[in-house]
Amino acid sequence: MPQSFTPEKNSNIVILTGAGTSQESGLETFRDPDGIWSKVRIEDVATPEAFAKDPDAVHDFYNMRRARHRVATANPNPAHLALARLEAQWVGEVTVITQNVDLLHESGGTQNLIHMHGVHSKARCNHCQYIVEWQGDMSTADVCDGCSCAGGLRPHVVWFGETPLELDRIQGALLECDLFLSIGTSGNVYPAAGFVSVVQQVGRAHTVELNLEPSLGADKFDEGRYGPATAIVPAYVDHLLESL
Ligand code: APR
């Protein structure tokens, strides 16, 4: 591993993760050549308008994805495990902000975790905003426990055109960040793609991209590590922990 920036022991680390982090656990990414958005159109399945127009088609898409994620959740890969190890051993605060709707960070042991795009394993009611754990298929016939109405339950995921979750908590972590890592994300989707610029405006954080290849925003980072997440993330975590 080449020489690299070493943060202070009690510094705060913020880690943004994307679909590339879970790829080696068997989950598809979105924008790679064989990714999800090469097979279905965003506007058909991942917008509030799509759900209003054809809820059955949207449910079919998410039922398929939820089933795959349920299986994969048992299989955190060495990148997820390394991030949990970093959180457990680092002296300062480690915050993982994930765009992923799988539960692989949790099953890998990460605790201080923000699911900014929601999770597959919950449903939310469009009528009353009630949120409930959801493991199986979902349909327009399902009745909400909160308001007893059918037809309002939808996946608790953030669609295009909707506001990501927990932005205040994210903003707080970014403002206090000393080392910012972006792992397995293509940098296409905002606001996540803009977090590196936020921490750079604050002016105190070193920024590192860890990805299979340089992302769209690679030139915004101070440093880049490229290769499969299961190789480069554990190696980078080892480098950080060796400094303790
Ligand atoms: N290791 C590391 N990086 C990888 C790996 C891997 N094994 N496999 C793929 N990658 C990289 C790709 O090169 C790409 O840059 O991960 C990135 C995945 O990018 P996207 O598919 O665009 O996924 P992501 O950035 O998470 O998408 C953001 O878009 O559709 C929405 O809501 C969805 O949360 C998602 C958001």
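A short tour of the structure in this document, coming up. (Residues numbered from 1 in each chain as written. Predicted model: local features only at pLDDT ≥ 70, side-chain atom pairs only at ≥ 80, totals over all residues. Heavy atoms only, no water.)

### Describing the site of the ligand
Part 1: With respect to spatial proximity, 23 residues lie near the ligand, and among them Phe-30, Arg-31, Trp-37, Thr-185 and Ser-186 are the closest.
Part 2: Between the ligand and Gln-23 there is a distance of 2.8 Å, counted from a nitrogen atom to a side-chain nitrogen or oxygen.
Part 3: Separating an oxygen atom of the ligand from a backbone N or O atom of Gln-99 is a distance of 3.2 Å.
Part 4: Here the ligand is seated within the largest pocket.
Part 5: Its residues placed into classes, the shell around the ligand shows eight nonpolar, 11 polar and four charged. (Near = heavy atom within 4 Å. Polar contact = N/O pair within 3.5 Å; in protein donor to acceptor, adjacent residues only side chain to side chain. 1 Å grid on protein atoms, 1.4 Å probe; cavity = no way out; pocket = protein on both sides within 12 Å on 5 of 7 lines; lining within 4 Å. Sits in = over half its atoms within 2 Å of the grid points. Nonpolar A, V, L, I, M, F, W, Y, C, P; charged D, E, K, R; others polar.)

### What to know about the sheet that holds strand 7 (residues 179-183)
Part 1: Read across the open sheet, the six strands follow the order 3-2-1-7-8-9; overall the sheet is parallel. Pairing within the sheet leaves two strands with one partner each, and these edge strands are strand 3 (113-115) and strand 9 (223-226). Each adjacent strand pair in this sheet contributes to an overall mean axis angle of 15°, direction not counted.
Part 2: With four bridges connecting them, strand 8 (residues 206-211) and strand 9 associate as parallel partners. (Pairing = 2+ DSSP bridges. Helix = DSSP H or I, 4+ residues; strand = E, 2+ residues; numbered from the N terminus. Axes fitted to C-alpha atoms, helices over the stretch in contact; angles between N-to-C directions.)

### Remarks on the pattern of salt bridges
Part 1: On inspection of all chains with the given rule, the structure shows nine salt bridges.
Part 2: For Arg-154, the salt bridge is made with Glu-162, and the minimal N-O distance between the two is 2.7 Å.
Part 3: With a shortest N-O distance of 3.0 Å, Asp-178 and Arg-204 are connected by a salt bridge. Here Asp-178, found in the loop between helix 7 (167-175) and strand 7, pairs with Arg-204, found in the loop between helix 8 (195-202) and strand 8; they are 26 residues apart in sequence, far enough to count as distant.
Part 4: On the accessibility criterion, Arg-204 (40% relative accessible area) is partly exposed.
Part 5: Within this structure, Arg-41, Glu-43 and Asp-44 form a network of salt bridges that share partners. (Salt bridge = Lys/Arg side-chain N within 4 Å of Asp/Glu carboxyl O. Buried < 20%, exposed > 50% of the residue type's maximum accessible area, 1.4 Å probe, protein only.)

### Regarding the layout of surface pockets
Part 1: Size it by volume and the largest pocket reaches roughly 940 Å³.
Part 2: The wall of the largest pocket is formed by 48 residues, among which Gly-18, Ala-19, Thr-29, Phe-30 and Arg-31 lie closest to the centre.
Part 3: Counting only elements with at least two residues in the lining of the largest pocket, the list comes to helix 1 (19-22), helix 4 (55-72) and strand 8.
Part 4: For the lining of the largest pocket, the per-class residue count stands at 20 nonpolar, 18 polar and 10 charged. (Points joined across faces, edges and corners; volume = space filled by probe spheres on them.)

### Notes on helix 7
Count 3.6 residues to each turn of an α-helix, and residues three or four apart come out pointing the same way.
Part 1: Among the residues making up helix 7, those that are buried are Ile-170, Ala-173 and Leu-174. Buried residues along helix 7 cover an arc of 100° about the axis, so they all sit on one side.
Part 2: Buried residues belonging to helix 7 abut strand 1 (13-17), strand 2 (94-98), strand 3, strand 7 and helix 8. (Arc of directions from axis to C-beta. Contact = heavy atoms within 4.5 Å.)

### Examining the packing of helix 5 (residues 78-89) against helix 9 (residues 229-242)
Part 1: Two elements in contact, helix 5 and helix 9, have axes whose closest approach is 8 Å; the angle formed by their N-to-C orientations is 15°. By the criterion of interaxial angle, the relationship of helix 5 to helix 9 is roughly parallel. With respect to the hand of their crossing, helix 5 and helix 9 are arranged in left-handed fashion. Facing Pro-78, Ala-79, Ala-82, Leu-83, Arg-85, Leu-86 and Gln-89 of helix 5, the residues of helix 9 in contact are Ala-229, Thr-230, Val-233, Pro-234, Val-237, Asp-238, Leu-240 and Leu-241.
Part 2: Of the residues contributing to the contact of helix 5 with helix 9, the split by class is 11 nonpolar, two polar and two charged. (Parallel < 35°, antiparallel > 145°, perpendicular 65-115°, else oblique. Left-handed = near helix turned anticlockwise from the far one by under 90°.)

### Considerations on the packing of aromatic side chains
Geometrically, a pair of aromatic rings is defined through the distance of the ring centres and the angle of the planes.
Part 1: A complete count under the given rule lists seven aromatic pairs for this structure.
Part 2: Seen in terms of ring centroids, Phe-30 and Trp-37 are 5.3 Å apart; in terms of plane orientation they differ by 35°. Their pairing is tilted.
Part 3: On the basis of relative accessible area, Trp-37 is assigned to the buried category, the value being 18%.
Part 4: Taken together, a centroid distance of 6.3 Å and an interplanar angle of 65° make the contact between Trp-37 and Phe-160 edge-to-face. Taken together, the residues span a long stretch of sequence, with Trp-37 in the loop between helix 1 and helix 2 (42-45) and Phe-160 in the loop between strand 6 (153-157) and helix 7 at a distance of 123 residues.
Part 5: Put simply, the rings of Phe-30, Trp-37, Phe-51, Phe-61, Tyr-62, Trp-159 and Phe-160 pair up and form one aromatic cluster.
Part 6: Above the face of the Trp-159 ring, Arg-154 is positioned so that its terminal group lies 3.8 Å from the ring centre. (Phe/Tyr/Trp six-rings, centres within 6.5 Å; stacked < 30°, edge-to-face > 60°. Lys NZ or Arg CZ within 6 Å of the ring centre and 35° of its normal.)

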